[in-house]
Amino acid sequence: MTAADPQLPVVVVMGVSGSGKSTVGLLLAQRLGVPYAEADDFHPAENIAKMSAGHPLDDADRAPWLDAIGAWIKARDGRGGVVSCSALRRRYRDRLRADAPDLFFVHLDGPLELISSRLAARMEHFMPPGLLRSQFDALEPLEADENGTVVSIEGGPQAIAERAYEALPL
Ligand SMILES: Nc1ncnc2c1ncn2[C@@H]1O[C@H](COP(=O)(O)OP(=O)(O)OP(=O)(O)O)[C@@H](O)[C@H]1O
Ligand SMILES: O=C(O)[C@H](O)[C@@H](O)[C@H](O)[C@H](O)CO
């Protein structure tokens, strides 16, 4: 399938902070020839300030952010797109799916130690590595009835993006 085809999936690249959503999401979008959106760009300023101060977001904080991402997804429905979004809890994914039932989730999955080492090397990002544990605590893996797949974050970004591409329902 190519970008010229009428029905391209919208893909949410999900996972904890530092799992590689932005890195892999962009590569996947390029591979598909569709637009990429960065979830962090949808946060209200208060959310960025809260995380920067070392506090995890709660459901109420995430609600307007999820709605903004949901609006982007809805606008891309049928035309394809890739958006990074932690989408840690089932109910967040249900919210994103509400207006886009065919949404496909790619969960970038890996051990805390590996992600922690990647975050320690990351420069100039508001998200403190100390919040990683809270992200794992919130994470609810994809359930059997959810449209999506789990992709390991072992190896380099290109290989991960290729594994994700191969798993898409194209
Ligand atoms: N496969 C990889 N191998 C090595 N380093 C990687 C890999 N994927 C991502 N990284 C690096 O790990 C760090 C985290 O990646 P990235 O910012 O893409 O994660 P993220 O899930 O989007 O994080 P956040 O949710 O906090 O924005 C970055 O410095 C990135 O360059
Ligand atoms: O749901 C959340 O707690 C947030 O979306 C975080 O995941 C951050 O936005 C992101 O990971 C930091 O870049």
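Residues numbered from 1 in each chain as written. Chains lettered and ligands numbered in written order. Predicted model: local features only at pLDDT ≥ 70, side-chain atom pairs only at ≥ 80, totals over all residues. Heavy atoms only, no water.

Under an unreviewed UniProt entry, the protein chain has the name Gluconokinase and belongs to Streptomyces humicola. The UniProt entry for the protein chain carries the following comment under Sequence similarities (unreviewed entry): "Belongs to the gluconokinase GntK/GntV family." UniProt, in its Catalytic activity (unreviewed entry) section for the protein chain, records the words "D-gluconate + ATP = 6-phospho-D-gluconate + ADP + H(+)". (UniProt positions renumbered as here; feature names shortened; annotations may be inferred.)

Colleague: Tell me about the site of ligand 1, and name the residues and values.
Modeller: As a matter of local geometry, ligand 1 sits amid 16 residues, with S17, K21, S22, T23 and R122 nearest to it. Within the backbone of G18, one N or O atom sits 2.9 Å away from an oxygen atom of ligand 1. Between ligand 1 and the protein, one listed contact pairs an oxygen atom with a backbone N or O atom of G20 at 3.1 Å. Burial of ligand 1 by the protein chains amounts to 79% of its free accessible area of 630 Å². When atoms are counted within 2 Å of each cavity's grid points, the one that captures over half of ligand 1 is the largest pocket. Every element with two or more residues in the shell around ligand 1 is listed here: α1 (21–32) and α7 (157–167). Across the shell around ligand 1, the residue classes break down as three nonpolar, nine polar and four charged. (Near = heavy atom within 4 Å. Polar contact = N/O pair within 3.5 Å; in protein donor to acceptor, adjacent residues only side chain to side chain. Areas by Shrake-Rupley, 256 points an atom, 1.4 Å probe, with all protein chains shown as cover. 1 Å grid on protein atoms, 1.4 Å probe; cavity = no way out; pocket = protein on both sides within 12 Å on 5 of 7 lines; lining within 4 Å. Sits in = over half its atoms within 2 Å of the grid points. Helix = DSSP H or I, 4+ residues; strand = E, 2+ residues; numbered from the N terminus. Nonpolar A, V, L, I, M, F, W, Y, C, P; charged D, E, K, R; others polar.)

Colleague: Tell me about the layout of surface pockets, and please be specific about residues and values.
Modeller: In this structure, the largest pocket occupies an estimated 480 Å³ of space. Taken together, 33 residues line the largest pocket, and the ones lying closest to its centre are S17, G18, S19, K21 and R122. At the level of secondary structure, the elements contributing two or more residues to the lining of the largest pocket comprise α1, α3 (59–76), α5 (112–121) and α7. The element that contributes the greatest number of residues to the lining of the largest pocket is α1, accounting for four residues. Residue classes in the lining of the largest pocket are distributed as 14 nonpolar, 13 polar and six charged. Its boundaries defined by the atoms lining it, the second largest pocket holds a volume of some 190 Å³. Looking at the second largest pocket, the residues that line it are Q7, L8, P9, V10, D77, G78, P101, D102, L103, N147 and P169. When the residues that make up the lining of the second largest pocket are grouped by side-chain class, the tally is six nonpolar, three polar and two charged. (Points joined across faces, edges and corners; volume = space filled by probe spheres on them.)

Colleague: Before we move on, can you summarise the site of ligand 2 with the specific residues and values?
Modeller: As a matter of local geometry, ligand 2 sits amid S17, K21, D40, H43, M51, R62, W65, S86, H125, F126, M127 and Q135. R62 is positioned such that a nitrogen or oxygen atom in its side chain is 2.8 Å from an oxygen atom of ligand 2. Between ligand 2 and the protein, one listed contact pairs an oxygen atom with a side-chain N or O atom of Q135 at 2.8 Å. The protein chains hide 96% of the 330 Å² of surface that ligand 2 would expose on its own. In terms of residue class, the shell around ligand 2 is made up of four nonpolar, five polar and three charged.

Colleague: Describe α3, listing the residues and the values that go with them.
Modeller: With 18 residues, α3 should cover 26 Å at 1.5 Å per step; its first-to-last C-alpha distance of 25 Å lies within 8% of that length. Of the residues making up α3, those classed as buried are D61, R62, A63, W65, L66, I69, G70, W72, I73 and R76. On its buried face, α3 is in contact with β1 (8–14), β2 (36–37), α2 (45–52), β3 (79–84), α4 (90–97) and α6 (132–138). Capping the start of α3, D58 holds a side-chain oxygen 3.1 Å from the backbone nitrogen of A60, two or three residues further along. One or two residues past the end of α3 sits G78, with phi positive at roughly 90°. (Expected span 1.5 Å × (residues − 1). Buried < 20%, exposed > 50% of the residue type's maximum accessible area, 1.4 Å probe, protein only. Contact = heavy atoms within 4.5 Å.)

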